[in-house]
Amino acid sequence: MAQALAIDGRQDFITTKGRQISRLKCDDDSIAGAVSQRACVYCGARVVLNPITDAIHLVHGPIGCASYTWDIRGSLTSGADLYRNSFSTDLKERDIIFGGEKKLAAAIDELVAKYAPKLVFVYSTCIVGVIGDDLGAVAKAAASRHGIEVIPVQSSGFAGNKAAGYRAACDALFRLVAPGTAAEAAAVGKDRSINYLGDFNLAGEAWIIRDYLAQVGVDVNVVFTGDASYGELKRATRARLNIMQCAGSMAYLASRLEETYGIPYMRVSFLGLADTADSLRRIAAALGGGDMSRRAEELIARETAVVQPVIDSYRAKLAGKKAAVYVGGGFKAISLIKQFRELGIEVVMVGTQTGRKEEYETIDSLVADGTVILDDANPAELEKFMTEKGADLLVGGVKERPLAYKLGRAFIDHNHDRKHPLSGFAGAVNFAAEVYTTLCSPVWRQVKTGGDLSG
Amino acid sequence: MAELKAAKSVSENPCHMCMPIGGILPLKGVEGSMVLIHGSQGCSTYMRRTIAEHFNEPVDVASSALNEKGTVYGGGENLKQALDNIRRVYNPRLIGVLTTCLAETIGEDIERLAAEYLAERGLTDLVVVPVNTPGYGGSQADGYYLALRRIVAALAVPTSRHDKINIIAANVSPADLREIKRLLVAMDIEYTLLPDFADTLDRPYAEHYTRMAPGGTPLADIRAMTGAAATIELGMTVAPAISPGQLLADEYGVALHRLPIPIGVAATDLFLRTLREITGRKAPDDLLAERGRLLDAMIDSHKHNFAGRSAIFGEPEMVYAVTRTCLENGIWPTVVAAGGAGDAAVSLFKAALAESPEPSYFLSETDFAEIRFRSAAAGVNVAIGPSDGRYLTEKEGIPLVRLGFPILDRMGGQRILSVGYTGTANLLDRITNTLLDAKHHSYRSKLYEEFYKGRRLHMAPAQAR
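Before going into details, it helps to say that this report is about the structure given with it. For clarity, every value in this text was computed on a predicted model and none was experimentally measured. (Residues numbered from 1 in each chain as written. Chains lettered and ligands numbered in written order. Predicted model: local features only at pLDDT ≥ 70, side-chain atom pairs only at ≥ 80, totals over all residues. Heavy atoms only, no water.)

A short note on the overall build of chain B
Applied cut-off: Secondary structure is summarised from DSSP: a helix means a run of H or I of at least four residues, a strand means a run of E of at least two, and numbering begins at the N terminus for each. As defined in this context, the radius of gyration uses C-alpha atoms, and a globule is described by 2.2 Å times the residue total to the power 0.38. We call a residue buried when its accessible area falls under 20% of the maximum for its residue type, exposed when it is over 50%, and partly exposed in between, using a 1.4 Å probe and counting protein chains only. Per-residue accessibility takes into account occlusion by the displayed protein chains alone, with areas from the Shrake-Rupley method and a 1.4 Å probe. For the purpose of counting charges, residues Lys and Arg are taken to be positive, whereas Asp and Glu are taken to be negative. His and the chain ends are not included. Every charge is mapped to an atom, namely NZ of Lys, CZ of Arg, CG of Asp or CD of Glu.
Looking only at helices and strands, one finds 18 helices and 15 strands in chain B. Scaling as 2.2 N^0.38, a compact globule of 465 residues should have a C-alpha radius of gyration of about 23 Å, and chain B matches this with 24 Å. Across the 465 residues of chain B, 59% fall into the buried class. Total accessible area on chain B stands at roughly 17,800 Å², and carbon and sulfur atoms take up 51% of it. Taking the average place of the 48 positive charges on the side chains of chain B and the average place of its 54 negative ones, the gap between the two points comes to 5 Å.

So, the overall build of chain A
We count it as follows: We call two residues in contact whenever any of their non-hydrogen atoms come within 4.5 Å of each other.
When its secondary structure is counted, chain A shows 19 helices and 14 strands. Computed over C-alpha atoms, the radius of gyration of chain A comes to 23 Å, within 12% of the 23 Å expected from 2.2 N^0.38 for 455 residues, which places it in the range of a compact globule. Principal axes of the C-alpha set define a box for chain A whose edges measure 70 × 60 × 40 Å. Residue pairs at least 24 apart in sequence account for 73% of intrachain contacts in chain A once pairs closer than 6 positions are excluded. In chain A, 53 side chains carry a positive charge and 53 a negative one; their mean positions are 1 Å apart.

Overview of helix H6 (residues 135-146) of chain A
In an α-helix, one full turn covers 3.6 residues, which means residues spaced three or four apart are oriented alike. Residues and elements named next belong to chain A. The criterion, for reference: Helices are assigned an expected span. That span is 1.5 Å times one less than the residue count. Here the arc refers to the set of directions running from the helix axis out to each C-beta atom. Counted as a polar contact is a pair of N or O atoms within 3.5 Å, where, for protein atoms, one must be capable of donating a hydrogen and the other of accepting one, and residues adjacent in sequence contribute only when both atoms are in side chains.
With twelve residues, H6 extends 16 Å from end C-alpha to end C-alpha; this agrees with the ideal 16 Å at 1.5 Å per step. Within H6, the full set of buried residues consists of Leu135, Val138, Ala139, Ala142 and Ala143. Looking straight down H6, one finds its buried side chains confined to an arc of 130°; they lie on one side. Exposed and oriented more than 90 degrees from the buried face of H6 are Lys140 and Ser144. Buried-residue contacts for H6 involve strand S2 (56-60), helix H4 (101-115), strand S4 (119-124), helix H5 (126-131) and strand S5 (149-153). The backbone nitrogen of glycine 136 has a side-chain oxygen 3.3 Å away, supplied by the residue at the start of H6, namely aspartate 134. One or two steps after H6, the chain reaches glycine 147, where phi turns positive at roughly 65°.

Things to note about unusual backbone geometry
Of note, the amide linkage connecting leucine 194 of chain B to proline 195 of chain B takes the cis form, showing an omega dihedral of -10°. By the secondary structure assignment, proline 195 of chain B is in the loop between strand S8 (191-194) and helix H9 (219-223). Located in the positive-phi region is aspartate 27 of chain A, a residue other than glycine, with phi close to 55°. Relative to the helices and strands, aspartate 27 of chain A is located in the loop between strand S1 (14-16) and helix H1 (41-49).

Quick look at the sheet that holds strand S6 (residues 194-199) of chain A
All names here are of chain A. The condition that has to hold: Two strands pair under a simple rule: DSSP has to find at least two bridges between them. Angles run from 0 to 180 degrees between N-to-C directions of axes, and those axes are lines fitted to C-alpha atoms, restricted for helices to the stretch in contact.
Strand order across the open sheet formed by four strands is S7-S6-S8-S9, with parallel pairing between neighbours. If you trace the sheet from one side to the other, it starts and ends with strand S7 (220-225) and strand S9 (265-267), each paired once. The average undirected angle you get between the axes of adjacent strands in this sheet is 20°. In terms of strand pairing, strand S8 (residues 241-244) meets S9 through three bridges, oriented parallel. The residue bridging isoleucine 243 from the neighbouring strand is methionine 266, located in S9. Contacting S6, S8 and S9, helix H12 (residues 273-286) runs over the sheet at an angle of about 160° to S9.

Here we look at the pairing of strand S14 (residues 410-413) of chain A
Residues and elements named next belong to chain A. As a reminder of what qualifies: Think of it like this: strands point away, you trace from the first strand over the helix to the second, and a clockwise trace means the crossover is right-handed.
Side-chain alternation along S14 places Ala410 and Ile412 on one buried face and Phe411 and Asp413 on a second face that is also buried. As defined by bridge partners, strand S13 (residues 393-396) adjoins S14 across four bridges and the pair is classed as parallel. Paired with leucine 394 across the bridge in S14 is phenylalanine 411. Once the chain exits S13 it traverses helix H17 (residues 400-406) before rejoining the sheet at S14, and the crossover so formed is right-handed.

Some details on the environment of alanine 228 of chain B
Residue and element names in this part refer to chain B. Secondary-structure assignment places alanine 228 in the loop between H9 and strand S9 (230-234). Separated by twelve residues in the primary sequence, alanine 228 and proline 240 place their C-alpha atoms 19 Å from one another. For alanine 228, the residues in contact, after removing those within four places along its chain, are Arg161, His162, Lys164, Asn166 and Val254.

Some words on the environment of aspartate 278 of chain A
All names here are of chain A. With respect to the helices, strands and loops of the structure, aspartate 278 is situated in helix H12. Aspartate 278 gets classed as partly exposed once you look at its relative accessible area, which sits at 35%. Through-space distance from the C-alpha of aspartate 278 to that of histidine 146 is 47 Å; in sequence the pair is 132 residues apart.

Comments concerning the packing of H12 of chain A against helix H13 (residues 291-318) of chain A
All names here are of chain A. For clarity, the threshold we go by: An angle below 35 degrees is treated as roughly parallel, one above 145 as roughly antiparallel, one from 65 to 115 as roughly perpendicular, and anything else as oblique.
Packing of H12 against H13 leaves a shortest axis separation of 9 Å and a crossing angle of 175°. Between H12 and H13, the angle is such that the two are roughly antiparallel. Contacts from Leu273, Ala277, Leu280, Arg281, Ala284 and Ala285 in H12 reach Met292, Ser293, Ala296, Glu297, Leu299, Ile300, Val307, Gln308 and Ile311 in H13.

Description of the interface of chain A and chain B
The line we're drawing: Note on definitions: buried area is the accessible-area loss of two parts on being combined, 1.4 Å probe, summed for both. Throughout this description, the term salt bridge denotes a Lys or Arg side-chain nitrogen within 4 Å of a carboxyl oxygen of Asp or Glu.
On the chain B side, the residues contacting the 70 residues of chain A number 64 residues. Summing both sides of the interface, chain A and chain B together bury roughly 5,700 Å²; the carbon and sulfur share of this comes to 59%. Interface area lost by chain A to chain B is led by Tyr68, Trp70 and Lys406 of chain A, which between them contribute 16%. Across the pair glutamate 12 of chain B and lysine 114 of chain A runs a salt bridge, and its minimum N-O distance is 2.9 Å. Linking chain A with chain B are 24 residue pairs in polar contact (both at pLDDT 80 or more). Elements represented by at least two residues in the side of chain A that touches chain B include exactly H1, helix H2 (63-67), strand S3 (87-88), helix H3 (93-98), H4, H5, helix H16 (379-389) and H17 of chain A. The dominant element in the side of chain A that touches chain B, judged by the number of residues it contributes, is H4 of chain A, at seven residues.

Right, dumping it as structure tokens:
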């Protein structure tokens, strides 16, 4: 125990249920040398914007930043697939010395000539922030030269953490959706449709939700940003309500859309049966209830009748197991705690990369006494608390998976590049099936002992 | 052979990564070592993700987590705090400090900071190895050899002469490292293999987990590399300025033999022959039998292979070894792309490709858009390289034989064996079977189109409707 907590300053980021949750430190920079699982500002911006399918995503920086983020998310498209490329100005030493603005302008010109896009995002990286290239000026000149939108994304890696990248992405999106013409301005909030914020259409998840909402009678105007196109995004302000799944990445955009255009927003979650049903009910109610509420109830009853027996059959096999959760955002962690409860599994450790104070308070109110709650954890802490708390399973991303397996524990991928949906009724079944697959695999029987060969 | 250099201002889908990720790997192959990336948090996280997914292993790499304040006023304090924290949690014997674009651009003097740190804390046992790896300064292959050179430079001390051979390994798989060790043991040769991540990045499951993986080249062995009988460096494409073998030769007079990675008959022969020249020991019959089996395998598959037109890409050293192996087997290298290869490497590739009777393209600074375009135009039917080559499969239907680093979309990157006679036979089977698979999938429809449907159309167009 003493060893893991030996990192100066980490004590304040860890608590156990039963102590004062309000004192938990979060939303702060990572501590030097702590092997944080977090990425950077650029990463946050890139993952939010990348699902926009017909945009050019151009990284102004050295090759690595583009290399590590090429086709990084399993966001699906119904049309264009330009977003699955990774473009880079590939800055070299001479560019660092003499500045990279000319190279950036030439790169945009080449890409416009080759792909004729309507929209180009230009991401800044660490060194661009240091050498001071004027991204805004280059973007503006290129936009007027080509008659398209070129949006700078201020995402220098060192200027905060991943959450700052979400904000940079929201800034870019807010700029993009601004009504340009008088007719567009007059149409603000006049449509009967809604926007769906914070779903990146991983494994088609946004399509699942769009279908549910269609059955309720709700038209989805645009998804931020799963399977979104330039044309759709330009019409975003017509909607009369925003619903928001991933609050970590989208809360800032939602509140700016409310402040500026008077479009209200509400939080939803489509992870797990209870949250999915509850969200559908609340959306129907927010849009006036009546027929919509009736159709929502019908959908919930219909889907639940199919799905509940399957979930129950898994529950019978899983009851009594313990889970640990380490994911990107607080809202996802909250949903996962509830979802595990549906499966009869107790969460004994829960942490996030970018969770916020109010989310940790909700987490605290949901978990049992003794549960460890921690922000911005590192491998040593994950190892220590999973072991101490006897977690049978960890939920996390790619970096956490080998650690869980080396500790002989089951693992659930809640990462960007998964190929099965975890949202909605269909996703709840996938989740339960994956929990079963990993917890009840016969491999664990073999790894418990060293066989009769040692000693 | 045509040599091409992209004259573009934009890279479309990179086919190499940056220097620091290359620097992490050798540091993971040194006993009791930890790595610190001096820069913003994202760099270490992205690199950890890539390495963890390739090896399917936990990869702990710390970051100095530079923020705005550190960027403006200097990151020295962050760096020292990071070293403190790493020592507390991991208690390493060696810490490699790799810089990033950010640290280099703000002018961090890691050499001085590391020396200051050790003096301030009064540490005499800990070794800190600073390595300048600006992300814009080269590819991962440059970072790999430079980190090795700095490790050797930091540890090397004058040693009395001994019989061991230094083997400087290229970035091959843990399975390949184990195979190299097996060959040396079979020849009864004592050696120091650097780096040695055979165990650290392919760790056996054990009941008790330790934060530092057991294994790696012992520090004492690295110190004694200066007294070795000779160095064999698997690094034909490596510039002398970043070569660890060159350093041992220049400063300690250790004879240097630069060899290609022993993949293919000729390269494995050369490896074993060089060992014999240095030590006087012959390859035992078992190894000669393996050689015979490889020749047998090559004959068995030679006609299938002769239909191969390959695109080969990845780190220059691996690409060079695979290019030579393809040439040995008539799988004509058609598009060869080695991101970041220097001038010396370019002439090596030119000389190798001159052996091919078929036209070939060599791309030294390139991206996957270029590789795709050239491969499609030249009728490439098999791609050999890391996972990003799946883009060629997806867009052009060219099947990919996964090899090299990183492999992110398949299991077992750490277990792929390609070196030595046995490894070469494995690699060759994988390539041949990929060609056979592609042929099997298309031959019925192709022959139908060409000789049945096509003929009818040609001879009696009215009936074809």
